[in-house]
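Below, each chain spelled out in residue letters.
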Protein chains: 2
Amino acid sequence: MLDSRDRGLAYGDGLFETMRVAADGTIPLQALHLQRLGRGARALAIPLPNQAQLQQALNQATSSLAGPGLIKLILTRGTGGRGYLPPASATPSLLWQTADLPAWSDNDRCYGIEMGVCSQPLFPDPFAGQKHLNRLAQVQSRAEVARQGWQEGLMLSARRQPLEATAMNLFARFKTGWWTPDLALANAGVAGVMREWLLTQLRSRGESVHCDLRPLSQLRDAETVFLTNSVVGVLPVRKLAQWRWGVPDTVLALQAEVDSLFDA
Amino acid sequence: MLDSRDRGLAYGDGLFETMRVAADGTIPLQALHLQRLGRGARALAIPLPNQAQLQQALNQATSSLAGPGLIKLILTRGTGGRGYLPPASATPSLLWQTADLPAWSDNDRCYGIEMGVCSQPLFPDPFAGQKHLNRLAQVQSRAEVARQGWQEGLMLSARRQPLEATAMNLFARFKTGWWTPDLALANAGVAGVMREWLLTQLRSRGESVHCDLRPLSQLRDAETVFLTNSVVGVLPVRKLAQWRWGVPDTVLALQAEVDSLFDA
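Thresholds applied
- Residues numbered from 1 in each chain as written.
- Chains lettered and ligands numbered in written order.
- Predicted model: local features only at pLDDT ≥ 70, side-chain atom pairs only at ≥ 80, totals over all residues.
- Heavy atoms only, no water.
- Axes fitted to C-alpha atoms, helices over the stretch in contact; angles between N-to-C directions.
- Helix = DSSP H or I, 4+ residues; strand = E, 2+ residues; numbered from the N terminus.
- Left-handed = near helix turned anticlockwise from the far one by under 90°.
- Contact = heavy atoms within 4.5 Å.
- Nonpolar A, V, L, I, M, F, W, Y, C, P; charged D, E, K, R; others polar.
- Parallel < 35°, antiparallel > 145°, perpendicular 65-115°, else oblique.
- Least-squares fit on C-alpha atoms with pLDDT ≥ 70 in both.
- Buried < 20%, exposed > 50% of the residue type's maximum accessible area, 1.4 Å probe, protein only.
- Pairing = 2+ DSSP bridges.
- Lys, Arg positive; Asp, Glu negative; His and termini not counted.
- Salt bridge = Lys/Arg side-chain N within 4 Å of Asp/Glu carboxyl O.
- Phe/Tyr/Trp six-rings, centres within 6.5 Å; stacked < 30°, edge-to-face > 60°.
- Lys NZ or Arg CZ within 6 Å of the ring centre and 35° of its normal.

Asks: Looking at this model, I keep getting lost on the packing of helix α2 (residues 30–44) of chain B against helix α7 (residues 193–204) of chain B. Mind explaining?
Replies: Each pair of packed helices can be summarised by the angle the axes make with each other and by the distance between the axes. Residues and elements named next belong to chain B. It is the contact of α2 with α7, at a shortest axis distance of 10 Å, that shows an interaxial angle of 115°. By crossing handedness, the relation of α2 to α7 is classed as right-handed. Here Leu-32, His-33, Gln-35, Arg-36 and Arg-39 of α2 come into contact with α7, specifically with Val-193, Glu-196 and Trp-197. Tallied by class, the residues present in the contact of α2 with α7 amount to three nonpolar, two polar and three charged.

Asks: Can you help me understand the packing of α2(B) against helix α3 (residues 51–65) of chain B in this one?
Replies: Residues and elements named next belong to chain B. For the pair α2 and α3, the least separation of the axes is 13 Å and the interaxial angle reads 125°. Taken as axis vectors, α2 and α3 run oblique relative to one another. Helix-helix and strand crossings are classified by hand; for α2 and α3 the assignment is right-handed. Here α2 contributes Gln-30, Leu-34 and Leu-37 to the contact with α3, which in turn contributes Gln-51, Leu-54, Gln-55 and Leu-58. The residue makeup of the contact of α2 with α3, split by class, is four nonpolar, three polar and no charged.

Asks: Please clarify how the relation of the copies chain A and chain B should be interpreted in this entry.
Replies: In this arrangement, two copies of a chain are superimposed by a rotation about an axis accompanied by a shift along the axis. Take chain A, turn it by 180°, move it 0.0 Å along the axis, and it overlays chain B with an RMSD of 0.0 Å. Accordingly, the operation relating the two chain copies is best matched by a two-fold axis. Interface overlap between copies is the fraction of interface residues in one copy that are interface residues in the other; for chain A against chain B it reaches 100%, indicating a shared surface.

Asks: Help me understand unusual backbone geometry in this model?
Replies: Most peptide bonds take the trans configuration, and most residues that are not glycine carry a negative phi. All names here are of chain A. The phi dihedral of Ala-45 falls on the positive side, at around 60°, and the residue is not glycine. Structurally, the position occupied by Ala-45 is in the loop between α2 (30–44) and α3 (51–65). Judged by relative accessible area, Ala-45 falls into the exposed class, the value being 55%. One non-glycine residue, Ala-66, adopts positive backbone phi at about 55°. With respect to the secondary-structure elements, Ala-66 resides in the loop between α3 and β2 (69–76). Classification of Ala-66 as exposed rests on a relative accessible area of 69%.

Asks: Help me understand the sheet that holds strand β1 (residues 14–21) of chain B in this model?
Replies: Across a sheet, strands are paired by hydrogen bonds formed along the backbone, either parallel or antiparallel in direction. All names here are of chain B. Reading across the sheet, the three strands line up as β1-β2-β3 and stay open at both edges, with antiparallel pairing between neighbours. Pairing within the sheet leaves two strands with one partner each, and these edge strands are β1 and β3 (93–99). Strand-to-strand, the axes of this sheet are offset by a mean angle of 15°, without reference to chain direction. The pairing of strand β2 (residues 69–76) with β3 spans seven bridges and is classified as antiparallel. By the bridge assignment for β3, Ile-71 is matched with Thr-98.

Asks: Which parts of the structure should I look at to understand the side chain of Arg135(A)?
Replies: Inspection of the secondary structure assignment puts Arg135(A) in the loop between β4 (113–117) and α5 (136–148). No salt bridge is formed by the buried Arg135(A), whose closest oppositely charged neighbour, Asp125(A), lies at an N-O distance of 4.5 Å. When residues no more than four places from it in sequence are discounted, the contact partners of Arg135(A) are Phe16(A), Asp125(A), Gln130(A), Val190(A), Tyr11(B), Tyr84(B) and Asn134(B).

Asks: Whenever I open this one, the packing of aromatic side chains confuses me. Can you help?
Replies: For any pair of aromatic rings, the description rests on two quantities: the centre-to-centre distance and the angle between the ring planes. Tallied over the full model, the rule gives twelve aromatic pairs over all chains. Plain terms: the ring middles of Tyr11(A) and Phe16(B) are 6.4 Å apart, the flat faces sit at 70° to each other, and that makes the pair edge-to-face. Taken together, the positions of Tyr11(A) in helix α1 (residues 7–11) and Phe16(B) in strand β1 put the pair across two chains. With a relative accessible area of 7%, Tyr11(A) lands in the buried category. Residue classification places Phe16(B) among the buried residues on the basis of a relative accessible area of 3%. Where Trp178(B) meets Phe226(B), the ring centres are 5.9 Å apart and the plane angle is 85°; that geometry is what we call edge-to-face. Here Trp178(B), found in strand β8 (residues 177–181), pairs with Phe226(B), found in strand β10 (residues 224–229); they are 48 residues apart in sequence, far enough to count as distant. Ring-pair connections join several aromatic residues into one group, and the members of that group are Tyr11(A), Tyr84(A) and Phe16(B). Here the basic side chain of Arg173(A) rests over the ring of Trp178(A), its NZ or CZ set 4.8 Å away from the ring centre. Taking NZ or CZ as reference, Arg20(B) lies 4.2 Å from the ring centre of Phe262(B), over its face.

Next up, the structure:
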């Protein structure tokens, strides 16, 4: 339960992280999740609980799961302040929740999913990149995905540049190398932890990785397109609007590499 | 207390109304507030509680106040759904809270307040005009107002057109008539209940009222500038950045007219 005067409810004045717990009860990407939470807390000027408090919440959550699953950590500015004005000295609220892993079929993971292009643009965001609690744009587009019978939806900028899916980041492979949209340049979207992990992996191997903004039409020339997040890992896309792509071994290898993080 | 899995917390997936209660315990603008709540609920596809349920919440709140004050009504989509996806059949949460009237000095109400121009633009919004719970932009700008020692802050579009203050709507009077920014055209901001009430009043008297988007520099030519919301009513602006305005009797008359709504 939460105080109904919490600013997380009143204004979405807070952050969250959804972390995948491995079979052995560990959280393989915990460090990246907590780093992003720390960046978000600095951006929103919310005091970050210390490492011991964060670790205690995660320990309680993993114990309650007793196996693989998901932990959602929510950090809000707590109560107080006058209207929109934050309190001079906030006492943040830290909550945890658990959930089961979502089921993605082997078929989807192997041959890819079908996406559509969402009708509403993803507008710039004063706290772009951060995983804050202002998510009506994603709720709206995710409802469209369901109405249209798609499996995910591509969100475009107002200039019709691909930015991300409703709950996953976008990658593609072109002849010139790997690519993902530059969310900082777009000033929009959520910079996912799995996106960050993959970018680091690819770059550390000396692979060519481009991070910029491209028109939607350029996706036609992609060799392959896939989505990522820290729950599902790597999910190929076989169809978007009128375009179709295959799933090369390089993408299945990336997928397997991510999966192995959680199989310990 | 609120279920911490409520989507109002998780995603800001809900709406609110802040209503001023008059000295006699009535809510003079109740009808306009409930109409806007209804429009917001339709836009977000959240089931609206029936009139009896809404009235019961307001009765409880006014009883608990036992005099003038503020009632905040919060309507969320409730719990459920898978991630961003709303549940097929939502059971909304309806909450009420009360607060004291904020104190604005007679001096400010008579001679006007000092505003600054917020550094961050107010970006377009998928649910522009509605009073939803995604308010990080306002929280951010209100914190800037406090840091800078202003009394309110003017939020501009990315094209530097005045849109609104952090918690109030903007009006001005030019030689050609009254003016307020066209928030529907800007696809941004909150269309306040007091703004709506004033527009109706002015138009019903046959006054000339313009609703469009203008560059910031045009405010230099305004005869007077003022802010409105349903809590404070009409609040003149005496200074914005390098510009100063007087407070003509026409504006004080509007202010008195609004005040009289709550003095019954």
